[in-house]
Amino acid sequence: MEINQKKLWLSLIVLYAITTSVLGDFGGPLLKGFYKESCPLAEEIVKHNVEVAVLKDPRMAASLLRLQFHDCFVLGCDASVLLDTHEDMLSEKQATPNVNSLRGFEVIDYIKYLLEDACPLTVSCSDILAMAARDSVFLRGGPWWEVLLGRRDSLKASFAGANQFIPAPNSSLDSLIINFKQQGLDIQDLIALSGAHTIGKARCLSFKQRIVQPNIEQTFYVDEFKRHSTFRRVLRSQCKDSSRDNELSPLDLKTPAYFDNHYYINLLEGKGLLISDNVLVSEDHEGEIFRKVWEYAVAQDLFFADFVESMLKMGNINVLTGIEGEIRENCRFVNV
């Protein structure tokens, strides 16, 4: 009897080891090299195809980075943003912050197709988003970091959540702080992650309010050389009327193609494109955020280090691991 019990325990231990090596612990942490054994070329496949996509369309780097932000802020980093509308589930793609705005879905689709061919039902769509965001930043001159992997994909989307939790381009500072706090992110994360606006473009519709309200920001010095009003005139010439609502303008007018610290220099000069950019300094009455913006403006390495730390923190929001969720075969639909 005792021998049989030992055999049973050994069998259970072996079964547990096999299960956890494939699935990870239920609700366990994300890991380095998660696909080293199950899909050793996963990161290389993602990197190569992100590079091809960005070479074809340089703006795609910002679009892929933005996809992960919009995914993680709704239900967590679970690829819910990739799901199409199906039956009674309404896609997050149709929510106000995303519709006619989010891009890069076809790039993710193609990467997923290649990974399914190489390693069927192994690499999650949410991990693809995390790797693609990292590679996009690096390809535009930003920092590289080792992405922690092991996320699994959600079985649902949240149209209402996308409308509620994704920060609007005209957000006040208080609203931004609340938005980030709801995701377990603090003011430091808000300042660092806002630096993602060093690349990419925004539609006139997103910053029109900044043009029509010339006194919307307070400044820390007298605008002796009319730099703020000159900047607004430039924006006004690009967005003359509602017929140009979908016209694009770089979020960083100085170095729009490079991931660098010029975003923070722009803020100090009153030249952040979005209202939600400028409030970081114009509504910071305590001066805490202004000091950090100044530090990033003069020390790019510090910005890069803090950005990486905050990206890793954001990438861990409400992740599904182990046997939670699923590995989708097609990122647009839950498995049948």
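See the structure above.
Counting restarts for each chain, with residues numbered from 1 along the sequence as it is written. Reporting of local features is limited, given that this is a predicted model, to residues whose pLDDT is at least 70; pairs of side-chain atoms are given and counted only at 80 or more, and all residues count toward the totals for whole chains, interfaces and linings. Only hydrogens and water are removed before side-chain values are computed, so all heavy atoms of the structure are retained for them.

1. Observations concerning the packing of helix H8 (residues 187-194) against helix H14 (residues 300-314)
Part 1: Axes, fitted as lines to C-alpha atoms, cover a helix only where it is in contact. Angles between the N-to-C directions of the axes lie from 0 to 180 degrees. Only DSSP runs of H or I with at least four residues qualify as helices, and only runs of E with at least two residues qualify as strands; both kinds are numbered from the N terminus onward. Where H8 contacts H14, the axes come no closer than 8 Å and their chain directions differ by 110°. Classified by the angle between their axes, H8 and H14 sit roughly perpendicular to one another. The chirality of how H8 crosses H14 is left-handed. Here Gln188, Asp189, Ala192 and Leu193 of H8 lie close against H14, whose contacting residues are Phe303, Asp306, Phe307, Ser310, Met311, Lys313 and Met314.
Part 2: Residues are grouped as follows: Ala, Val, Leu, Ile, Met, Phe, Trp, Tyr, Cys and Pro are nonpolar; Asp, Glu, Lys and Arg are charged; every other residue, Gly included, is polar. The class makeup of the residues in the contact of H8 with H14 is six nonpolar, two polar and three charged. Between 65 and 115 degrees an angle is taken as roughly perpendicular, under 35 as roughly parallel, over 145 as roughly antiparallel, and anywhere else as oblique. In this scheme the crossing of two helices becomes right-handed for a clockwise turn of the near helix relative to the far one and left-handed for an anticlockwise turn of less than a right angle. Between two residues, a contact is recorded if the distance between any of their heavy atoms is within 4.5 Å.

2. Quick notes on H8
In an α-helix, one turn spans 3.6 residues, which is why side chains three or four residues apart end up on the same side.
Part 1: Each residue is assigned to one of three classes by its accessible area relative to the maximum for its type, calculated with a 1.4 Å probe on protein chains only: buried under 20%, partly exposed between the two thresholds, exposed over 50%. The element H8 is extensively covered by neighbouring structure, given that six of its eight residues are classed as buried.
Part 2: When we look at burial in H8, the residues that qualify are Asp189, Leu190, Ile191, Ala192, Leu193 and Ser194.
Part 3: For H8, the secondary structure elements touched by its buried residues are helix H3 (60-72), helix H7 (173-182), helix H11 (262-268), helix H12 (275-282), helix H13 (288-298) and H14.
Part 4: Residues adjacent in sequence count toward polar contacts only when both atoms are side-chain atoms; beyond that, a polar contact is any pair of N or O atoms within 3.5 Å, and within protein one must be able to donate a hydrogen and the other to accept it. N-cap assignment for H8: the residue whose side-chain oxygen lies 3.2 Å from the backbone N of glutamine 188 is aspartate 186.

3. Quick notes on the pattern of salt bridges
Part 1: Whenever Lys or Arg places a side-chain nitrogen within 4 Å of a carboxyl oxygen from Asp or Glu, that contact is recorded as a salt bridge. What the rule picks out here adds up to 14 salt bridges.
Part 2: For the salt bridge of aspartate 186 with lysine 313, the shortest nitrogen-to-oxygen distance reads 3.6 Å. Pair noted here: aspartate 186 is in the loop between H7 and H8 and lysine 313 is in helix H14, with a separation of 127 residues, a long-range link.
Part 3: The exposure class assigned to aspartate 186 is partly exposed, which follows from its relative accessible area of 38%.
Part 4: Measuring nitrogen to oxygen at the nearest pair gives 2.7 Å for the salt bridge that ties aspartate 245 to lysine 208. With aspartate 245 in the loop between helix H10 (227-238) and strand S2 (248-250) and lysine 208 in helix H9 (residues 204-212), this residue pair connects regions lying 37 residues apart in the sequence.
Part 5: Among the residues examined, aspartate 245 registers a relative accessible area of 16% and is labelled buried.

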